[in-house]
2 protein chains.
Amino acid sequence: MSDAQAAKVRAAILGFGTVGSSVARILCDSKPAGVELTHIFNRNVARKRVDWVSQSVIWTEAIEDVLSAPVDVVLELAGGLDPAGDWVRRALEAGKSVVTANKKLIAEHGIALDKLARSKGCHLFYGAAVAGGVPVIPGLQQGLAGDRITRIEGILNGTCNFILSKMEDGADFAQILKETQALGYAEADPTEDVAGFDARAKLVILLRIALRADVAVSDVAAKSITEIAAIDFAYAREMGCTIRQISRAELRGDEVLATVGPMLVPQDSPLAWSRGTENMLLVGGAYGGDVVFSGHGAGGHPTAVAVISDLLAIAHGSCAIGLPSKKVGVSGDFLLRHYIRLVVKDRPGIIAQIAGALAEQEINIHAILQKPGHTKESLPFVVIVEPCPSSALRRALARIATFDYLLEPTLDLQILEPEAGL
Amino acid sequence: MSDAQAAKVRAAILGFGTVGSSVARILCDSKPAGVELTHIFNRNVARKRVDWVSQSVIWTEAIEDVLSAPVDVVLELAGGLDPAGDWVRRALEAGKSVVTANKKLIAEHGIALDKLARSKGCHLFYGAAVAGGVPVIPGLQQGLAGDRITRIEGILNGTCNFILSKMEDGADFAQILKETQALGYAEADPTEDVAGFDARAKLVILLRIALRADVAVSDVAAKSITEIAAIDFAYAREMGCTIRQISRAELRGDEVLATVGPMLVPQDSPLAWSRGTENMLLVGGAYGGDVVFSGHGAGGHPTAVAVISDLLAIAHGSCAIGLPSKKVGVSGDFLLRHYIRLVVKDRPGIIAQIAGALAEQEINIHAILQKPGHTKESLPFVVIVEPCPSSALRRALARIATFDYLLEPTLDLQILEPEAGL
Ligand SMILES: NC(=O)c1ccc[n+]([C@@H]2O[C@H](COP(=O)([O-])OP(=O)(O)OC[C@H]3O[C@@H](n4cnc5c(N)ncnc54)[C@H](OP(=O)(O)O)[C@@H]3O)[C@@H](O)[C@H]2O)c1
Ligand SMILES: NC(=O)c1ccc[n+]([C@@H]2O[C@H](COP(=O)([O-])OP(=O)(O)OC[C@H]3O[C@@H](n4cnc5c(N)ncnc54)[C@H](OP(=O)(O)O)[C@@H]3O)[C@@H](O)[C@H]2O)c1
């Protein structure tokens, strides 16, 4: 520790994009003791050069220049599985510690990379991979290691939260998505965000750290927010709720329940308060009760704070407390109330038939809501069902999908708290 | 690191009270890998014995039994400056690491104890000293080390928050204080809590960790919540606010502004949402923006989670990132709007005279509020003044205190956000 503090830790940035350039900027501005930026790597690096970094920094487009140099810590900020995964592996093999913001890589290969790091006596930190500038990972790993976490529930994708909270205020999905892209929040291809894949990768990392459960990314169901319409916010409001993209998981016996998607959230839940690109995580512990973290989950500077914090942890001789996780089965079979929105060409007997399809799966109807102002030609209405296994509901909905008066695919959303007001 | 992981870390509990017994209980229930409870020390230990701890644990009332044993980590959970400070010093001198929940000790002597720990190559962790089960200290030390924190604002005393949020719902101070004591939240002597001394000790610790500012505890002004009455909640509500005990600090040039006391908080601020014994901390960073932490700040089990998390950090070879702090001057001179509640025997000319006393100090009146339903014999009313230095206001209030129509000492509260609705 004292050695590490005396000598400066040499750090290299891989990927000089949004996060990479923020990391360089903050390192140059705040000059934290004990670390020195030595390399910046990027393809076609010439167009990336800026004049505000120290003259001594080596700009390169050859990864070998970094991997063969006496660099102590590699900051992987390029993203994606390939070739970033390869660089991380080779850095660790060479005994260099790695700090990364790459949730995709850590969700897919974190356990193997962690093992590799330990076998080489070096560190792998990824505090920026979940919730960017909100210190969720150090909070869980260091601060809540003494608890037994049984439940996590969060808003882990700022883009979806921005879109949904704007829709809550009346914006249209397509229009607000465009705006989000113009503001630089969403990628040109927004699928990762809106389909829930980005949030799912983060949830899988949290499952490992908080619930100590190893889960394959593809085993967690993710539902897109694209089917949410203005009418759903209107119905949600009537129920004292709003709609958010929620990532949630809980332990049930030897299994883990986990899912990502748009859900109805009671307006008085902290999750409903989070607006704009804010991220929020609610952690339920067996001993400590509920803890909430919130703040800016994305953006160059907040994410860079997490990267630099990890770099400083390494420079100060700290290490991540890696409590062992174990492989478990995943199910999406939460026992919750559901919001089911159907759009039909109205005629007598529809309710009876739908109620029949639900009854076949032993699902009880809690309420039927129908807002005025629609024609019989295209009539949206909502069925709220009492808590039921998602799997039974899926079977009922498959049956309902065969009814010929349905004009649109049926939307089915979990209602986050059974006690949500109606 | 790997050595520490292989051999079990031997831990001793000093003080088998609320927190100490929770720590023992969780260690016995969850049996975390890598740690072993070897001693429990308490005065008159016979009456403390329980049958659910391992037979191998040594119960003792002689501190030497612990200090001379091959114990690796001492968990100091007795509290107070004396003799706990002495035990901590002697444990560190003997090369034992220390985990403590003792905010008083860390606020007063943390810097010296930290230095001693480093000089002996051992660790001093105190994650439980602030906000109990909410991982504020690891979040700041590990997760936000890369930011430059400029502002902290929080609810750090669960007892005061419980009392004030019950008063918001209509309870009377004296009655609710009794209830709080019966529930075990408040001590028999509640002065530490209600006068703000407990919160102040925590604020001083956060000043050191977050703002890297060394401040003497007695240099921070603390105001009691005892003068808050039902009428103040009524006026606050009219202003779109409520009242909470707030601990806050911010950097201003080379100085630090810091204070603890009841304040008006806008109802739409996260600080107003915190009810019951909940703690909450809002941290403002130059790069990462605002981050909020909340959860159970006190109670045996939540506090024990923080203690055990620190113990596990030591067992896993982690260390606290102790970024250097420096001695700075403290001022309470926030530039904020104030709520001033006066109770007078009414007669003509009072407003003119009070306005005059304020004008002498160049303080502008923003509004005067007077709720109906009071007699001229004892008339409460409220003056809201525009943002002004607390010191100028103090001078004006000293002058006002000499006016003979005042029936009660004047109550003066900061209004937390300048933009608070009126
Ligand atoms: N942005 C955020 O708010 C945020 C938040 C949390 C985590 N993250 C994570 O942080 C990482 C970086 O995100 P970002 O937003 O900074 O992305 P970005 O702006 O696209 O930056 C990535 C940089 O890496 C370079 N790069 C990519 N592939 C490369 C390759 N094969 N060879 C050489 N250079 C390559 C890119 O160069 P070109 O310019 O040539 O493409 C670009 O400069 C990702 O893992 C992301 O998931 C981002
Ligand atoms: N309770 C909370 O929610 C909470 C939250 C955060 C931090 N803390 C901190 O945690 C520490 C312990 O709090 P607590 O609530 O657990 O207090 P507590 O219930 O009063 O327990 C203190 C224990 O230490 C023993 N003790 C005190 N002085 C002693 C002495 N001179 N010699 C031997 N034994 C002694 C007491 O024995 P007796 O029974 O003989 O008095 C008692 O068993 C304090 O520093 C407190 O500030 C508490």
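Counting restarts for each chain, with residues numbered from 1 along the sequence as it is written. Chain letters and ligand numbers both follow the written order, the letters beginning at A and the numbers at 1. Selection of residues for local features in this predicted model requires a pLDDT of at least 70, selection of side-chain atom pairs for listing and counting requires 80 or more, and totals for whole chains, interfaces and linings are taken over all residues. Each side-chain value is derived from all of the structure's non-hydrogen atoms; neither hydrogens nor water enter the calculation.

Asks: Help me out: how do you make sense of the UniProt feature "binding site: L-homoserine" (unreviewed entry) in chain A in this one?
Replies: All names here are of chain A. UniProt positions are given in the numbering used here, feature names are shortened, and annotations may be inferred rather than shown by experiment. Summarizing the sequence annotation, UniProt attributes the feature "binding site: L-homoserine" (unreviewed entry) to Glu-187 in the numbering used throughout. Secondary structure elements follow DSSP: runs of H or I no shorter than four residues count as helices, runs of E no shorter than two count as strands, and numbering proceeds from the N terminus. Here Glu-187 shows up in the loop between α8 (173-182) and α9 (191-194). Pairs of residues are marked as contacts when any of their non-hydrogen atoms sit within 4.5 Å. Not counting residues up to four positions away in its chain, the partners in contact with Glu-187 are Gln-181 and Asp-193.

Asks: For this particular structure, what's the right way to read the site of ligand 1?
Replies: All names here are of chain A. Near ligand 1 you find 22 residues, and of these Val-19, Asn-42, Arg-47, Lys-48 and Gly-299 are the closest. In this structure, an oxygen atom belonging to ligand 1 sits 2.8 Å away from a side-chain N or O atom of Asn-42. In short, Shrake-Rupley with a 1.4 Å probe defines the accessible areas, and a residue's cover is counted only from the protein chains shown. When isolated, ligand 1 has an accessible area of 890 Å², and the protein chains bury 75% of it. Basically, the charged four are Asp, Glu, Lys and Arg, the nonpolar ten are Ala, Val, Leu, Ile, Met, Phe, Trp, Tyr, Cys and Pro, and anything else, Gly included, counts as polar. Residue classes in the shell around ligand 1 are distributed as ten nonpolar, eight polar and four charged. Near, as used in this document, describes a residue that has one of its heavy atoms within 4 Å of the molecule or strand being considered. Whenever a nitrogen or oxygen atom comes within 3.5 Å of another N or O atom, the pair is scored as a polar contact, on the condition that within protein one atom can donate a hydrogen and the other can accept it, and that pairs from neighbouring residues in sequence are kept only if both atoms are in side chains.

Asks: So what exactly am I meant to see when it comes to helix α13 (residues 300-315) of chain A here?
Replies: Every α-helix winds through 3.6 residues per turn, so residues three or four apart in the chain are directed the same way. Taking 1.5 Å of rise per residue, the 16 residues of α13(A) would be expected to cover 22 Å, and the 22 Å separating its terminal C-alpha atoms lies within 8% of that figure. Just downstream of α13(A), Gly317(A) is the residue with a positive phi angle, here 80°. In a helix, the anticipated span is given by 1.5 Å times the number of residues less one.

Asks: Any chance you could explain the domain arrangement of chain A here in plain terms?
Replies: You'll often see interface size given as the accessible area lost when the parts meet. Residue and element names in this part refer to chain A. Along its sequence, chain A is organised into domain 1 (3-125), domain 2 (136-296) and domain 3 (335-415). In this structure, domain 1 and domain 2 have C-alpha centres spaced 29 Å apart. Contacts between the two partners involve seven residues from domain 1 and, on the opposite side, nine residues from domain 2. Between domain 1 and domain 2 lies a buried interface of about 680 Å² when both sides are counted; carbon and sulfur atoms form 64% of it. Considering only the surface of domain 1 that becomes buried against domain 2, Lys-103, Ala-107 and Ile-111 emerge as the three largest contributors, covering 69% of it. Should a side-chain nitrogen of Lys or Arg be within 4 Å of a carboxyl oxygen of Asp or Glu, the pair is scored as a salt bridge. Counting across the domain 1 and domain 2 interface gives two salt bridges. As a salt-bridge pair, Asp-198 and Lys-103 come within 3.4 Å of each other at their nearest N and O atoms. Remark: the boundary between domain 1 and domain 2 carries three residue pairs in polar contact (both at pLDDT 80 or more). The residue inventory of the side of domain 1 that touches domain 2, partitioned by class, reads three nonpolar, one polar and three charged. By convention here, the domain bounds are inherited from an automatic or database domain assignment. Defined here as a combined quantity, buried area equals the accessible surface (1.4 Å probe) lost by two parts on assembly, summed across both.

Asks: Looking at this model, I keep getting lost on the sheet that holds strand β3 (residues 58-60) of chain A. Mind explaining?
Replies: All names here are of chain A. The criterion for strand pairing is that DSSP finds at least two bridges linking the strands in question. Taken together, the six strands give an open sheet; going across it, the order is β3-β2-β1-β4-β5-β6, and neighbouring strands pair in parallel fashion. Only two strands of the sheet have a single neighbouring strand rather than two, namely β3 and β6 (124-125). The pairing of strand β4 (residues 73-76) with strand β5 (residues 97-100) spans four bridges and is classified as parallel. Considered in β5, the bridge of Glu-76 is made with Thr-100.

Asks: Quick question: what am I supposed to make of unusual backbone geometry here?
Replies: Residue and element names in this part refer to chain A. The step from Asp-82 to Pro-83 runs through a cis peptide bond, and the omega angle for that step is 5°. Mapping Pro-83 onto the fold places it in the loop between β4 and α4 (84-93). For Glu-362, which is not glycine, the phi dihedral falls at a positive 60°. Residue placement: Glu-362 occurs in the loop between α14 (350-360) and β17 (365-369).

Asks: How should I be thinking about the relation of the copies chain A and chain B in this particular structure?
Replies: Two copies of one chain are present, and they are related through a rotation about an axis combined with an axial shift. The operation relating chain A to chain B is a screw motion whose rotation component is 180°, with 0.0 Å of axial translation and a residual RMSD of 0.0 Å. What we have between these two chains is a two-fold relation. A symmetric contact is evident, with 100% of the interface residues of chain A recurring at the interface of chain B. Superposition of the copies was done by least squares, using only C-alpha atoms of residues whose pLDDT is at least 70 in both.

Asks: Sorry, what's going on with the pairing of strand β2 (residues 35-41) of chain A here?
Replies: Successive residues of a regular strand alternate their side chains across the two faces of the sheet. Most of β2(A) sits inside the fold, with six of its seven residues counted as buried. Each parallel crossover has a hand, and the one from strand β1 (residues 9-14) of chain A via helix α2 (residues 18-30) of chain A to β2(A) is right-handed. Here's how the labels work: a residue is buried when its accessible area is under 20% of the maximum for its type, exposed when over 50%, partly exposed in between, all with a 1.4 Å probe on protein chains only. If the strands point away from the viewer and the path from the first strand over the helix to the second runs clockwise, then the crossover is right-handed.

Asks: It is not clear to me how the site of ligand 2 should be interpreted in this structure. Could you clarify?
Replies: Residue and element names in this part refer to chain B. Taken together, 22 residues are adjacent to ligand 2, and Val-19, Asn-42, Arg-47, Lys-48 and Gly-299 come closest. At 2.8 Å from an oxygen atom of ligand 2 is found a main-chain nitrogen or oxygen belonging to Val-19. Relative to its unbound accessible surface of 890 Å², ligand 2 loses 75% to contact with the protein. Among the residues forming the shell around ligand 2, the class breakdown is ten nonpolar, eight polar and four charged.

Asks: Sorry if this is basic, but what is going on with the packing of aromatic side chains here?
Replies: For any two aromatic rings, the description comes down to two numbers: the centre-to-centre distance and the angle of the planes. Residues and elements named next belong to chain A. Two rings from Phe, Tyr or Trp (for Trp, the six-membered ring) form a pair when their centres are within 6.5 Å of each other. A pair whose planes differ by under 30 degrees is stacked, one over 60 is edge-to-face, and the rest are tilted. Here the structure, examined in full by the defined rule, presents ten aromatic pairs over all chains. Between Phe-403 and Tyr-405, the ring centres sit 5.8 Å apart and the planes meet at 40°, which makes this aromatic pair tilted. Side by side, Phe-403 and Tyr-405 carry an identical accessibility label, which is buried. Every member of this aromatic cluster is reached through a ring pair, and the members are Phe-16, Trp-52 and Trp-59. Here, a charge over a ring means that NZ of Lys or CZ of Arg falls within 6 Å of the ring centre while also lying within 35 degrees of the ring normal. Its end group placed over the ring of Trp-52, Arg-25 keeps NZ or CZ at 4.1 Å from the ring centre.

Asks: What exactly am I supposed to notice about the state of the cysteines here?
Replies: Each disulfide consists of one covalent bond between the sulfur atoms belonging to two cysteines. All names here are of chain A. Our working definition of a disulfide is a cysteine sulfur pair at a distance within 2.5 Å. Tallying each qualifying case throughout the model produces zero disulfides over all chains. Sulfur of Cys-388: no disulfide; nearest cysteine sulfur belongs to Cys-241 and is 16 Å away. On the basis of relative accessibility, which here comes to 3%, the residue Cys-388 falls in the buried class.

Asks: Hey, could you run me through the side chain of His39(B) in this one?
Replies: For His39(B), the location among the structural elements is in strand β2 (residues 35-41). Overall, the relative accessible area of 6% leaves His39(B) in the buried class.

Asks: Any chance you could explain the nonpolar core here in plain terms?
Replies: We define the nonpolar core as a collection of buried residues of types Ala, Val, Leu, Ile, Met, Phe, Trp, Tyr and Cys that are connected through side-chain atoms lying within 4.5 Å of one another. Formed by 191 residues in total, the largest nonpolar core has its most connected members in Val23(A), Leu75(A), Leu140(A), Val23(B), Leu75(B) and Leu140(B). Sequence-distant contacts of Leu140(A), defined by excluding residues within four places in its chain, comprise Ala145(A), Ile149(A), Leu206(A), Ile209(A), Ala210(A), Leu281(A) and Val283(A).

Asks: Just checking my understanding: could you explain the packing of helix α2 (residues 18-30) of chain B against helix α13 (residues 300-315) of chain B for this structure?
Replies: For any two helices packed against each other, the geometry is given by the interaxial angle and the distance between the axes. Residue and element names in this part refer to chain B. Axes here mean lines fitted to C-alpha atoms, for a helix over just the part in contact, with angles spanning 0 to 180 degrees between N-to-C directions. Running from N to C, α2 and α13 point in directions that differ by 65°, and their axes come no closer than 8 Å. Along this stretch, α2 crosses α13, giving a crossing that reads as right-handed. Packed against α2, whose contacting residues are Thr-18, Val-19, Ser-22, Val-23, Arg-25, Ile-26 and Leu-27, the element α13 presents Gly-300, His-301, Thr-303, Ala-304, Val-307, Ile-308 and Leu-311 at the interface. Looking at the contact of α2 with α13 residue by residue, the classes come out as eight nonpolar, five polar and one charged. In a left-handed crossing the near helix is turned counterclockwise from the far helix by less than a right angle, and in a right-handed crossing that turn is clockwise.

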